[in-house]
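# Observations on chain architecture
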Amino acid sequence: MSKIISFLILIILVSSCKDAVQENNAIHETRWEETTDSLPAKIRVDAKAQKILQDWLEYNALEKSFDKIYTSEHIEDFQFLVDELIENQKKMEESAYPEKFNIPQIKGRQKLFKTYVLKTKGDLEYMQDPKESMKQMITAFNDLRNQFNVVVKNTLPDELLKNEDN
């Protein structure tokens, strides 16, 4: 008799645990959808800058990876995407920059983007809420894109920019 009671208790415990796991996954997926819905939009690049950037293959690969942020449906997809962003960022950092964009302002914005990508990866690895670091990463990428616009729209002669005495 005691064997039957202990067996029934075991069955009840096992069945109740399965329901809790399913509920937890549903809550986790709902939170991820809420996270991706509230992300800042990607800013546009000026046509002049886009003309220069179209030949920079490493930047284009990074941008394609970055665009996937807005379409990732599951947090697992986003984790793979962050790894892809890190790899493409490294390739861009090691590549030859276009002459117009081979300046410290662009490289500094890129390093800042790298910092926030790594911060997002850390949040994901330590199972923290990545929402804030994702917003910072997107803002850093937007700042990099905006710096391309600033460089292209700059009307000062290069001699004045290179002359440190002024």
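Because the structure is a prediction, the values reported are computed rather than measured.

Along the backbone of the chain there are seven helices and zero strands. When the helices and strands of the chain are listed from N to C terminus, the series reads α-α-α-α-α-α-α. In the chain, which comprises 166 residues, the proportion classed as buried is 31%. By sequence separation, contacts in the chain at least 24 residues apart represent 75% of the contacts at least 6 residues apart. Split by element, the accessible area of the chain, about 11200 Å² in all, is 55% carbon and sulfur.

The geometry of helix α4 (residues 75-94) relative to helix α5 (residues 104-125) is characterised by a closest axis approach of 10 Å and an angle of 150° between their N-to-C directions. In terms of axis orientation, α4 runs roughly antiparallel to α5. Where α4 crosses over α5, the two elements pack in a sense that is left-handed. Seen from α4, the contacting residues are I75, F78, Q79, V82, D83, L85, I86, Q89, M92 and E93; seen from α5, they are Q110, K111, F113, K114, V117, L118, T120, K121 and L124.

All right, on to empty space enclosed by the protein then. Applying the stated criterion across every chain, the model contains one cavity of 30 Å³ or more. As a volume, the largest cavity reaches approximately 40 Å³. In this structure, the largest cavity is lined by L85, I86, Q89, K90, K114, V117 and L118. For the lining of the largest cavity, the secondary structure elements donating two or more residues are α4 and α5. Broken down by element, the residue count for the lining of the largest cavity peaks at four residues, all from α4. In terms of residue class, the lining of the largest cavity is built from four nonpolar, one polar and two charged.

Calculation notes
- Numbers given to residues run from 1 along each chain, matching the order in which its sequence is written.
- The predicted nature of this model means local features are confined to residues of pLDDT at least 70 and side-chain atom pairs, given and counted, to a pLDDT of 80 or more, with totals for whole chains, interfaces and linings taken over all residues.
- Where side-chain values are given, they derive from all heavy atoms of the structure, hydrogens and water being excluded.
- Numbered from the N terminus, helices here are DSSP runs of H or I no shorter than four residues, and strands are runs of E no shorter than two.
- Partly exposed describes any residue whose relative accessible area lies between the buried limit of under 20% and the exposed limit of over 50%, with all areas from a 1.4 Å probe on protein chains only and scaled to the type maximum.
- Note on contacts: a residue pair qualifies if any of its non-hydrogen atoms lie within 4.5 Å across the two residues.
- Only the protein chains shown count as cover for residues, and all accessible areas are computed by the Shrake-Rupley method using a 1.4 Å probe.
- For helices, the fitted line uses only the C-alpha atoms of the stretch in contact; every axis is such a line through C-alpha atoms, and the angle between N-to-C directions lies from 0 to 180 degrees.
- Geometric relationships in this document are graded by angle, where less than 35 degrees denotes roughly parallel, more than 145 denotes roughly antiparallel, 65 to 115 denotes roughly perpendicular, and other angles denote oblique.
- Each helix crossing is assigned a hand: it is left-handed if the near helix lies turned anticlockwise from the far helix by less than a right angle, otherwise right-handed if that turn is clockwise.
- Cavities and pockets are found on a 1 Å grid laid over the protein atoms alone: a cavity is a set of points where a 1.4 Å probe fits but cannot escape, a pocket is an open set with protein on both sides within 12 Å along at least five of seven lines, and a lining residue has an atom within 4 Å of such a point.
- Grid points are joined across faces, edges and corners, and a volume is the space filled by probe spheres set on the points.
- Classes in brief: Ala, Val, Leu, Ile, Met, Phe, Trp, Tyr, Cys and Pro nonpolar; Asp, Glu, Lys and Arg charged; the others, Gly included, polar.

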